[in-house]
Every structure is written in C-alpha cells, then in structure tokens.
Amino acid sequence: MDKDNKISFEILEHFQISSPVFIEKTQIATIWKVTQSIGGYAALKLYDNRDMKNESAGFPFLQSLNGMASAKIYAIRKGEALMEWLDGPSLGDLTRSGQDKIANTELIKVANLIHRAPLDIKTELPKIESLFEALFQLQFHQTCPTSVHSDLLYCKEVARDLLATQVDVRPLHGDLHHDNIRLGQRGYCAFDAKGVMGERAYELANAFRNPKDAVDIVQDPQRVLYLAETWSQGFGVDQQRLLKWAMVKCALSIAWRSKGMLENDPELPLLSLLRVNQIS
C-alpha cells in the first residue's frame, strides 16, 4: 500500500480509527497518523503483504514494556499495528541539528529504563546467533581490497567469540538507535523493536552506526571513543565488549547489504575505525 491508496473501511472499522494521514513509506511498511474513536492520535503501521518480517517479535517485546520508555501498542493483527503517536523530534533529529551529546545522553536513559522494566513476554524471541549467518557466509569479490578482507575476517572471528561467551543474556529491543527513539507526551520513547535474546551490551551496538544522514558525525573517531566510554559506564557493560559488539554489528549490516558478495560499502571506513579501537 502506498500513499496514493486509501486505507480500507474494514481496517478503519477494526481499529476504530478515522482521518488517516500518510506519514511515511519505509522499506517494509506504510505509516499513517490516525484519529482514535476514543480521542487522540495514533500511528497505524501497515506492513507490505501483511509481513512484519524481523519486526514480528518486536511487538510482544514492546507490549511487555507496557509503555516504559517505549511506544504503547494499542492493537495488533496480522501485518497491522496500532500504536502510540509520537510527535517527535527523534534523537536522530537532535544529532543532525548539532545536539549529538544530548541525543546520546537521552538514548542511554531510554536503554536503561527499558532494561529495568519487568518483562513477561509470551512469545519466544529469536536469539542473536540467528542474525549472524550472513556475516559468516560473506564472500569477497576479487576487487575487494586486502585491508577490507582482513577487517571482515577479523570481525567474523570476533563475532564467533562474542556469541560463544555471551554474558547477561536477556530480551533486547534489538534495533535501539537514534531514529528509533522519538519524543512523545510521556518523554522519549523507543519503537520499531526487533525483539531478540542476547547479551545486554548488544543493545547499544547499532547506535554506534547512527543516526542516518550524519556520516561525518558517526565516523568521527572522537565520537566513537566518547560513546564507548560514556555508554559503557552509563549502561553498566564492559567497554571493550561494547566496542566489539558495535564492530561486528557494523560488519553484519555490511554483509546484509552485500547480499553474500562484498565488493564495496559506505560503512567500511567506520568498520575500520571500530577495529582500530579494539584491544586484544
């Protein structure tokens, strides 16, 4: 469904909503701002072909948080979700407007609140081990530089070690980064969870790569060190393990985009930077 299509009467009736306004088309869904019959706005997310893909386990996770530093989930059915409307801005917007340190401080506050919430998830969450097959199977095109080949082989080795030695394994949001945290009436709230089981430090790994459209900031060596120091202290995780998770998550994202054969990728400089900060 795209912005030129109307939401069916059946969907409006089912969720008891009206006045849909198109907001955004993502890679897998369309977002609408709607009015609830009980009053107030909500966000309606309609997934392409009713397939929630890797966000399907994220909704049980968010429901279990019951609004603790997260968007409230009002109703779900196959391929459709009605949730709390968050006016914004996102933490990504803060970074892009020159307020990166404020954004990073708010992100760790949200992460801590989420991890303090009592969870009662009825669905078995996928383990993060299942995510890394794309990295382990990654091949290298003949034009791929030797240095890149070396970085990715190192990442494969580190990823295997991290997965085999996980500590403090628990339910995770799984995609906690600046553009997945937005300001609402109750404060900053996370949304678009993946819902996975894994080491606590993995929760912050993807945030090192974000927000989007802020390459100069994200690939600043001083920022990487600042995040590693402040987030490891603020989140109570080992700094070197945090950096390693950040590195292998960056490598995993490169592997996903490469679709099995790596030739080049815009995040290779960040990957190299993250490797430089590793301590054996």
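Preceding block: the structure.
Figured I'd write up the structure that's included with this text. (Residues numbered from 1 in each chain as written. Predicted model: local features only at pLDDT ≥ 70, side-chain atom pairs only at ≥ 80, totals over all residues. Heavy atoms only, no water.)

## What about the environment of His115?
Line of reasoning, step 1. Counting through the fold element by element, His115 comes out in helix H4 (residues 100-116).
Line of reasoning, step 2. Given a relative accessible area of 9%, His115 falls into the buried group.
Line of reasoning, step 3. The spacing of His115 and Phe235 is 120 residues in sequence and 9.5 Å in space, taken between C-alpha atoms.
Line of reasoning, step 4. With near-sequence residues (within four places) excluded, His115 lies in contact with Arg170, Pro171, Leu172, Arg200, Glu203 and Phe235.
Line of reasoning, step 5. In this structure the side chain of His115 is engaged in a polar contact, spanning 2.8 Å, whose partner is the side chain of Glu203. (Helix = DSSP H or I, 4+ residues; strand = E, 2+ residues; numbered from the N terminus. Buried < 20%, exposed > 50% of the residue type's maximum accessible area, 1.4 Å probe, protein only. Contact = heavy atoms within 4.5 Å. Polar contact = N/O pair within 3.5 Å; in protein donor to acceptor, adjacent residues only side chain to side chain.)

## Structural notes on the packing of helix H6 (residues 146-164) against helix H10 (residues 268-276)
Line of reasoning, step 1. Running from amino to carboxyl end, H6 crosses H10 at an angle of 60 degrees, the nearest separation of the two axes being 10 Å. Comparing their axes, H10 and H6 come out oblique. Of the two possible hands of crossing, H6 and H10 adopt the one that is left-handed. Taken together, the residues of H10 that come into contact with H6 (itself represented by Val148, Ser150, Asp151, Leu152, Tyr154 and Cys155) are Leu268, Leu271, Ser272 and Arg275. (Axes fitted to C-alpha atoms, helices over the stretch in contact; angles between N-to-C directions. Parallel < 35°, antiparallel > 145°, perpendicular 65-115°, else oblique. Left-handed = near helix turned anticlockwise from the far one by under 90°.)

## Thoughts on the pattern of salt bridges
Line of reasoning, step 1. Considering all chains together, one arrives at 18 salt bridges under this definition.
Line of reasoning, step 2. Its salt-bridge partner being Lys45, residue Glu55 comes within 3.0 Å of it at the nearest N-O pair. Placement of the pair is Glu55 in the loop between strand E3 (41-47) and helix H2 (58-65) and Lys45 in strand E3, with a sequence separation of ten residues. An identical accessibility class is assigned to Glu55 and Lys45; each is buried.
Line of reasoning, step 3. Residues joined by salt bridges that share partners form a network here, namely Glu10, Arg50, Arg77 and Glu80. (Salt bridge = Lys/Arg side-chain N within 4 Å of Asp/Glu carboxyl O.)

## As for the pairing of strand E1 (residues 17-25)
Line of reasoning, step 1. Alignment of E1 against strand E2 (residues 29-36), held across six bridges, turns out to be antiparallel. By the bridge assignment for E2, Glu24 is matched with Ile31. (Pairing = 2+ DSSP bridges.)

## A word on the nonpolar core
Line of reasoning, step 1. Core analysis: the largest hydrophobic core is formed by 75 residues, its most contacted members being Phe132, Leu152, Phe208, Trp231, Trp245, Leu271 and Leu274.
Line of reasoning, step 2. Ranked by residue count, the leading element in this core is helix H9 (residues 239-258), at eleven residues.
Line of reasoning, step 3. Sequence-distant contacts of Trp231, defined by excluding residues within four places in its chain, comprise Asn104, Leu107, Ile108, His178, Leu204, Ala207, Phe208, Tyr226, Gly236, Val237 and Leu242.
Line of reasoning, step 4. Ile11, Ile17, Trp32 and Leu82 belong to the second-largest nonpolar core, a separate cluster that totals eleven residues. (Core = buried A, V, L, I, M, F, W, Y, C linked by side-chain atoms within 4.5 Å.)

## Some details on helix H8 (residues 221-235)
Line of reasoning, step 1. With 15 residues, H8 should reach 21 Å at 1.5 Å per residue; the first-to-last C-alpha distance of 21 Å fits that figure.
Line of reasoning, step 2. The set of residues buried in H8 consists of Arg223, Val224, Leu227, Ala228, Trp231, Ser232 and Phe235. Buried residues of H8, viewed axially, fall in a sector of 140 degrees; they line one side. Seen from the open side of H8, the exposed residues pointing more than 90 degrees away from its buried face are Gln222 and Gln233.
Line of reasoning, step 3. On the buried face of H8, the contacting elements are H4, helix H7 (215-218), H9 and H10.
Line of reasoning, step 4. A distance of 2.9 Å separates the backbone nitrogen of Gln222 from a side-chain oxygen at the start of H8, and that oxygen is part of Asp220.
Line of reasoning, step 5. After H8 finishes, the residue Gly236 shows a positive phi value of roughly 70 degrees. (Expected span 1.5 Å × (residues − 1). Arc of directions from axis to C-beta.)

## Observations concerning the sheet that holds E2
Line of reasoning, step 1. Taken in spatial order, the five strands make up an open sheet running E1-E2-E3-E5-E4, and their pairing is antiparallel. With partners counted over all chains shown, the strands left at the sheet margins are E1 and strand E4 (73-77), one partner each. Taken pair by pair, the neighbouring strands of this sheet meet at an average axis angle of 20 degrees, ignoring direction.
Line of reasoning, step 2. Sitting on the sheet, H2 is in contact with E3, E4 and strand E5 (80-84), with an inclination near 150 degrees to E4.

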